[in-house]
Amino acid sequence: QVQLVESGGGLVQAGGSLKLSCAASGSIFSINTMGWYRQAPGKQRELVATITSGGSTNYADSVKGRFTISRDGAENTVYLQMNSLKPEDTAVYHCNADLRVGFMGVRTNYWGQGTQVTVSS
């Protein structure tokens, strides 16, 4: 079994910053891509940012220049530094990992439970 545990969400005023963390643990053979997605009330879940094991990053246009994704491979942890937050960034942020588990290295995908980010105007 694998667990993804997120932390760092909260309430912040517009223009402020938050840093989210997601730690993966369990029978992990290797981790390929990790990422953050978000879901606002009444909307579909959308990509925020992803980062591969090689460090290549991808961002949604709406967060480019404001958010930075990074990872600590040794700790199986991914971070999302969010600056210049806007009310429209309010959502539940979910961590995602594309990884291989167990001694066989079976490829699978896991989601975290989500952490609430609320940006007040």
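Residues numbered from 1 in each chain as written. Predicted model: local features only at pLDDT ≥ 70, side-chain atom pairs only at ≥ 80, totals over all residues. Heavy atoms only, no water.

Q: With reference to specific residues and values, describe the nonpolar core.
A: Counting 31 residues, the largest nonpolar core has Trp36, Leu80, Met82 and Tyr93 as the members making the most contacts within it. Going through the elements one at a time, β1 (2-7), β3 (18-26), β4 (28-39), β5 (46-51), β7 (67-72), β8 (77-82), β9 (91-101) and β11 (115-120) are the ones with two or more residues in this core. It is β9 that contributes the most residues to this core, 6 residues altogether. If near-sequence neighbours (up to four positions away) are discounted, Leu80 is found in contact with Leu18, Lys19, Leu20, Trp36, Val48, Ala49, Phe67, Thr68, Ile69 and Tyr93. (Core = buried A, V, L, I, M, F, W, Y, C linked by side-chain atoms within 4.5 Å. Buried < 20%, exposed > 50% of the residue type's maximum accessible area, 1.4 Å probe, protein only. Helix = DSSP H or I, 4+ residues; strand = E, 2+ residues; numbered from the N terminus. Contact = heavy atoms within 4.5 Å.)

Q: Break down the packing of aromatic side chains for me, citing the residues and quoting the values.
A: In total, this model carries 1 aromatic pair according to the counting rule given. Each ring, one from Tyr37 and one from Trp111, has its centre 5.0 Å from the other, and the planes form 70°; the classification is edge-to-face. Within this pair, whereas Tyr37 is found in strand β4, its partner Trp111 is found in strand β10 (residues 106-111), the two being separated by 74 residues in sequence. Directly above the aromatic system of Tyr79 lies the positively charged group of Lys19, at a separation of 4.8 Å from the ring centroid. The ring of Trp111 is capped by Arg45, whose NZ or CZ atom sits 4.5 Å from the centre of that ring. (Phe/Tyr/Trp six-rings, centres within 6.5 Å; stacked < 30°, edge-to-face > 60°. Lys NZ or Arg CZ within 6 Å of the ring centre and 35° of its normal.)

Q: Provide a residue-level description of the pairing of β11, including the pertinent values.
A: Side chains Thr115, Val117 and Val119 of β11 all project onto a buried face; the interleaved residues Gln116, Thr118 and Ser120 project onto a face where none is buried. Judged from the 3 bridges that link them, β9 and β11 form a sheet pairing that is antiparallel. The residue of β11 that forms the bridge with Val92 is Gln116. (Pairing = 2+ DSSP bridges.)

Q: Outline the side chain of Arg38, supporting the account with residue identities and numerical values.
A: Secondary-structure assignment places Arg38 in strand β4. Once residues within four sequence positions are removed from consideration, Arg38 is found in contact with Gln44, Arg45, Glu46, Val48, Ser62, Val63, Phe67, Glu88, Asp89, Ala91, Val92 and Tyr93.

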